[in-house]
Amino acid sequence: MYAASREASSRAREALSAALAGSDTVAATTGSELFAVVAVLDDQRSLRVALADKSVSGSARAELAERLFGGKISAATQAVLTTAVAENWSRTGDLVDTLELLGQEALLRAAADRGRLDVVEDELFRLSRIVEANPDLEQALADRGKPAQAKRDLIQRLLNGKVRDVTLELIEQAVSRRRGDIGAAFDHLSDLAASLRQQVVAHVRAAVDLTPQQREQLAASLQRLYDKQITVHVQVDPSLLAGVVVHIGDDVIDGSALGRLQRLRQSLT
């Protein structure tokens, strides 16, 4: 995002925090309703352009949002939407993407209020690995020619009753709007959940699965290195031969046998 959209997004997030100063029901309802607003804006180009038109005053855009959505969504959701559309956005798409992000955050806060955020985070991570390991599934979920509802129906058949309701709603939203790397979209959601728990995610590829004790030891070592609380997500990758590769943000720590062999090969050339 450019500077204007970053500032607008920050103020919209502040409005969300203020609106969610209630129960988990408020957060869950707000998240679902923001997703519904996003669906309307995705379907109606003229409307989303009008709500982000910088040639019109912010107050006029807010009034338009009130006329269109007032009485159809809760007061909390309306407050977030009104704040967002009154801001100046660098791109129309930034407004819609931010509303989606705020919907994701609201649902994750609902999970946190219910004491289930860590479970939702783990479910999202595991689903990203399942998609990554199943090219046919990934292609079906990323297919540009497949209607969004068909993708949501597929997710319902696969996951209904097997994951938490919040996880299911987040996944349905992700596949309905995303094109391309669906696994990355799920990883983003998992990382967002971790950030709400004030944790940094370490994506770990390991030659063999780590025991609970090994995971705890790795997390402790990374916490000392980064001076932050670390959540370790492990993906088994036998091609590494032995050891692990750790990704934290842009940092890569390669302690695998494959990595050592590659470095040795490079030193000999």
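Within each chain, residue numbers correspond to sequence positions counted from 1 in written order. Local features are withheld for residues below a pLDDT of 70 in this predicted model, meaning they are given only at 70 or higher, and side-chain atom pairs are given and counted only at 80 or more; totals for whole chains, interfaces and linings count all residues. Only hydrogens and water are removed before side-chain values are computed, so all heavy atoms of the structure are retained for them.

Engineer: Sorry if this is basic, but what is going on with the side chain of Glu 121 here?
Structural biologist: By the criteria applied, helices consist of DSSP H or I runs no shorter than four residues and strands consist of E runs no shorter than two, each listed in order from the N terminus. Within the fold, Glu 121 resides in helix H7 (residues 117-133). Residue Glu 121 is classed as buried on the basis of its relative accessible area of 1%. In terms of polar contacts, Glu 121 uses its side chain to reach the side chain of His 233, at 3.2 Å. Sequence-distant contacts of Glu 121, defined by excluding residues within four places in its chain, comprise Ser 190, Ala 193, Ala 194, Arg 197, Val 201, Thr 231 and His 233. Buried means the residue's accessible area, taken with a 1.4 Å probe over protein chains only, is under 20% of the maximum for its type, while exposed means over 50%, and partly exposed covers the values in between. In the analysis that follows, any N or O atom pair within 3.5 Å is treated as a polar contact, provided that within protein one partner can donate a hydrogen and the other can accept it, and provided that, for residues neighboring in sequence, both atoms belong to side chains. Any pair of residues with heavy atoms lying within 4.5 Å of one another is described as a contacting pair.

Engineer: What am I meant to see in unusual backbone geometry here?
Structural biologist: Excluding glycine, most residues fall at negative phi; most peptide bonds, likewise, are trans. Of note in the backbone geometry, Asp 227 takes a positive phi value of approximately 55° without being a glycine. By secondary structure assignment, the location of Asp 227 is in the loop between helix H12 (212-226) and strand S2 (230-236). Although it is not a glycine, Leu 241 sits at a positive phi angle of roughly 75°. Take Leu 241: it is sitting in the loop between S2 and strand S3 (244-248). You can call Leu 241 exposed: its relative accessible area is 55%.

Engineer: Help me out: how do you make sense of the sheet that holds strand S4 (residues 251-254) in this one?
Structural biologist: Through backbone hydrogen bonds, the strands of a sheet pair up, either in parallel or in antiparallel fashion. In space, the four strands of this open sheet follow the order S2-S1-S3-S4, with mixed pairing throughout. In this open sheet, the two edge strands, each paired with only one partner strand, are S2 and S4. The mean angle between the axes of side-by-side strands here comes to 20°, regardless of whether they run parallel or antiparallel. Bridge analysis of strand S1 (residues 200-206) against S3 gives four bridges, and the strand direction is antiparallel. Bridging across to S3, Ala 206 finds its partner in Val 244. Axis angles are defined between N-to-C directions and span 0 to 180 degrees, where every axis is a line fitted to C-alpha atoms and, for a helix, only to the segment in contact. Of the strands in this sheet, S1, S2, S3 and S4 touch H12, which is tilted by about 130° from S2. Strand pairing is assigned whenever DSSP detects at least two bridges linking the two strands.

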